[in-house]
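Analysis of the macromolecular model
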Amino acid sequence: MSEWKHIFNGASLRKVAKGAAVFHQADQVRSMYLVRSGAVALERTLRDGVPLTLHVATPGMALAEASLFAETYHCDAVARSDAEVAGLSRAKFLAALRNRPEAALSLIESHAKEVQAQRARIEILRLKRVSDRLDAWLDLHRAPSKGAWITVAEQIGVSPPALYRELARRRN
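In what follows, the accompanying structure is described.

The subject of this paragraph is the overall build of the protein. Regarding its fold elements, the protein presents five helices and eight strands. Reading the secondary structure of the protein in the N-to-C direction produces β-β-β-β-β-β-β-β-α-α-α-α-α. Across its three principal directions, the C-alpha atoms of the protein cover 55 × 40 × 25 Å. Among the 172 residues that make up the protein, the fraction classed as buried is 35%. Taking contacts inside the protein between residues at least 6 apart in sequence as the whole, the part at least 24 apart equals 70%. Total accessible area computed for the protein in this model is approximately 10,500 Å², and 54% of it derives from carbon and sulfur atoms. Between the averaged position of the 26 positive side-chain charges in the protein and that of its 18 negative side-chain charges there is a distance of 2 Å.

In structure tokens:
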């Protein structure tokens, strides 16, 4: 069910170059976004200047929908690759949800699945050994395609070299 994505049909499209911001922390929330292509990270800069990635939205995912009921954005949205985002005013987005209950329900379903995925990720990150983290991740997901293991490393909170060492150990 992805009825809520249809709310963005006809919405304005914006191309965002890698490294450019869609919005900044403390900007007033005026729009809701759907990532059409590329990847956009929600980041908050820590005191030492290092960005903390809170979420990475990829094609078909909403961007900062948790800000729907906030006055300002709580983080920066920065393109991790060249991206295209559809933008719709918050007022139009809310009106569409009010007028289309099936869209509102599909948005709730999407969020429920995201909560489940985040809870699983938290439990995986609590595991101490790389091998345990990888086993848990593989129990929940199928093996990624060639070249996508680096994403697995990020998801299980280990460095790519640590993951590749574990994969090599398993091959031997």
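Let us keep going from here.
The next thing to look at is the packing of helix H3 (residues 130-140) against helix H4 (residues 149-156). When two helices pack together, their arrangement is given by the angle between their axes and by how far apart the axes lie. For the pair H3 and H4, interaxial distance at closest approach is 10 Å and the crossing angle is 110 degrees. For the element pair H3 / H4, the angle class is roughly perpendicular. Seen along the crossing, H3 lies across H4 with a hand that is right-handed. Residue-level inspection shows Arg133, Leu134, Trp137 and Leu138 of H3 in contact with H4, the latter providing Trp149, Val152, Gln155 and Ile156. Partitioning the contact of H3 with H4 into residue classes produces six nonpolar, one polar and one charged.

Rules behind the numbers
- Residues numbered from 1 in each chain as written.
- Predicted model: local features only at pLDDT ≥ 70, side-chain atom pairs only at ≥ 80, totals over all residues.
- Heavy atoms only, no water.
- Helix = DSSP H or I, 4+ residues; strand = E, 2+ residues; numbered from the N terminus.
- Buried < 20%, exposed > 50% of the residue type's maximum accessible area, 1.4 Å probe, protein only.
- Contact = heavy atoms within 4.5 Å.
- Areas by Shrake-Rupley, 256 points an atom, 1.4 Å probe, with all protein chains shown as cover.
- Lys, Arg positive; Asp, Glu negative; His and termini not counted.
- Charge placed at Lys NZ, Arg CZ, Asp CG, Glu CD.
- Axes fitted to C-alpha atoms, helices over the stretch in contact; angles between N-to-C directions.
- Parallel < 35°, antiparallel > 145°, perpendicular 65-115°, else oblique.
- Left-handed = near helix turned anticlockwise from the far one by under 90°.
- Nonpolar A, V, L, I, M, F, W, Y, C, P; charged D, E, K, R; others polar.

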